[in-house]
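Structure at a glance
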Amino acid sequence: RADQAKTVFLANISHELKTPLTVISNYAQTSKRRLGEADGQAMDLICAEADRMALMVSQLLDVTAIEEGRLRLSPRPCQLRAVVKLAMDTYYPLAVQAGNRLVFRPVYDLPEVMADKGRIRQVVLNLLSNANRHTRDGKITVALEAGDGCVRVTVTDTGEGISPEGMTHLFERFAPKENRAGSDTGTGLGLYICKYIIESHGGTIAVDSAPGRGTAIAFTLPTGSGAG
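Everything in this summary refers to the structure shown in the same document.

Structural notes on the overall build of the chain
Helix and strand counts for the chain stand at 6 helices and 7 strands. Beginning at the N terminus, the succession of helices and strands in the chain can be written as α-α-β-α-β-β-α-β-β-α-α-β-β. Burial statistics for the chain: of 228 residues in total, 44% are counted as buried. Looking at the chain alone, contacts between residues at least 24 apart form 71% of all its contacts between residues at least 6 apart. Carbon and sulfur atoms make up 53% of the accessible area of the chain, which totals about 11800 Å².

Rendered as structure tokens:
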């Protein structure tokens, strides 16, 4: 009953936060068009922070939808390279703010996947956000490659890495704060949602990490008409 009450409370708060966040983002985008380059960069950061907060709100709503069986996917044939590139362009200002370099290693002749583009973009944004929170003045690399009947996306960072204790809780809903890195200011829901989305597409997601040597998170999506 406590878990259910918490989920309902978070869903209600999330709905209330969505409107002001949208207003902030819209005004920042309007202001950017009217300002010079320096002030326009400030507006970019405001937009990026508003988008990050909106992502956190969406995560709370998504958890409610998952638990109630209401999260629906709309897979269509798509090129994963374009989806990943859009997510990286969106997240670029926040990476720069943390002093990180974003590196994209695409493959241009990848087969199409059947995927919900909006949800896969959400997964990539979550992984970029995780990498950026745990990396300072480092590098975040996103690589694409074709596998055996799938396309693989790997997000690698040069950050602090994850302890063995933290690895055991990565994909849990509301992962315990004591098992997350001290710099982790997220909701603890991102990887839980990512796992649900990727596995609902028929794919897999896995993490390779250790303290002091960074983290690599890879997910796969099946190719061809049987995907999903």
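Topic: the pattern of salt bridges
Enumeration over the complete set of coordinates arrives at 5 salt bridges. A salt bridge links D89 to K85; the nearest nitrogen and oxygen atoms lie 2.9 Å apart. With D89 and K85 both in helix 3 (residues 80–97) and 4 residues apart, this pair spans about one turn of that helix. D89 gets classed as partly exposed once you look at its relative accessible area, which sits at 45%. The partly exposed category is assigned to K85, whose relative accessible area is 36%.

Focus on helix 3
With 18 residues, helix 3 ought to run about 26 Å at 1.5 Å a step, and its terminal C-alpha atoms sit 26 Å apart, in line with that. Where helix 3 bends most, the angle comes to about 45°, and this point is Y91, followed within four residues by the proline P93. Of the residues trailing helix 3, G99 is marked for its positive phi of about 80°.

Side note on the nonpolar core
Within the largest apolar cluster, 46 residues are counted, with the highest numbers of intra-cluster contacts made by L80, V84, I120, L127, L128, F219 and L221. It is helix 3 that contributes the most residues to this core, 8 residues altogether. Not counting residues within four places of it along the chain, the set of residues in contact with L127 comprises V155, L191, C194, I217 and F219.

A few points about the layout of surface pockets
Of the voids in this model, the second largest pocket is the one considered here, and its volume is about 300 Å³. Forming the walls of the second largest pocket are 15 residues, and the residues nearest its centre are D51, L55, R121, Q122 and L125. For the lining of the second largest pocket, the secondary-structure elements that each account for two or more residues are helix 2 (37–67), helix 3 and helix 4 (117–133). Along the lines of polarity and charge, the residues of the lining of the second largest pocket split into 6 nonpolar, 4 polar and 5 charged.

Topic: helix 6 (residues 190–200)
For helix 6, every residue scored as buried is listed here: G190, L191, Y192, I193, C194, I197 and I198. Following helix 6 by one or two positions, G202 has its phi on the positive side, about 85°.

Observations concerning the environment of N26
Relative to the helices and strands, N26 resides in helix 1 (residues 2–34). Taking the C-alpha atoms as reference points, N26 and C47, separated by 21 residues in sequence, lie 8.1 Å from one another.

Some points on unusual backbone geometry
The residue D137 is not glycine, and still its phi comes out positive at about 55°. Within the secondary structure, D137 is located in the loop between helix 4 and strand 4 (139–146). A relative accessible area of 66% places D137 in the exposed class.

Parameters at a glance
Residues numbered from 1 in each chain as written. Predicted model: local features only at pLDDT ≥ 70, side-chain atom pairs only at ≥ 80, totals over all residues. Heavy atoms only, no water. Helix = DSSP H or I, 4+ residues; strand = E, 2+ residues; numbered from the N terminus. Buried < 20%, exposed > 50% of the residue type's maximum accessible area, 1.4 Å probe, protein only. Contact = heavy atoms within 4.5 Å. Areas by Shrake-Rupley, 256 points an atom, 1.4 Å probe, with all protein chains shown as cover. Salt bridge = Lys/Arg side-chain N within 4 Å of Asp/Glu carboxyl O. Expected span 1.5 Å × (residues − 1). Bend = angle between axes of the 7 residues up to and from the residue. Core = buried A, V, L, I, M, F, W, Y, C linked by side-chain atoms within 4.5 Å. 1 Å grid on protein atoms, 1.4 Å probe; cavity = no way out; pocket = protein on both sides within 12 Å on 5 of 7 lines; lining within 4 Å. Points joined across faces, edges and corners; volume = space filled by probe spheres on them. Nonpolar A, V, L, I, M, F, W, Y, C, P; charged D, E, K, R; others polar.

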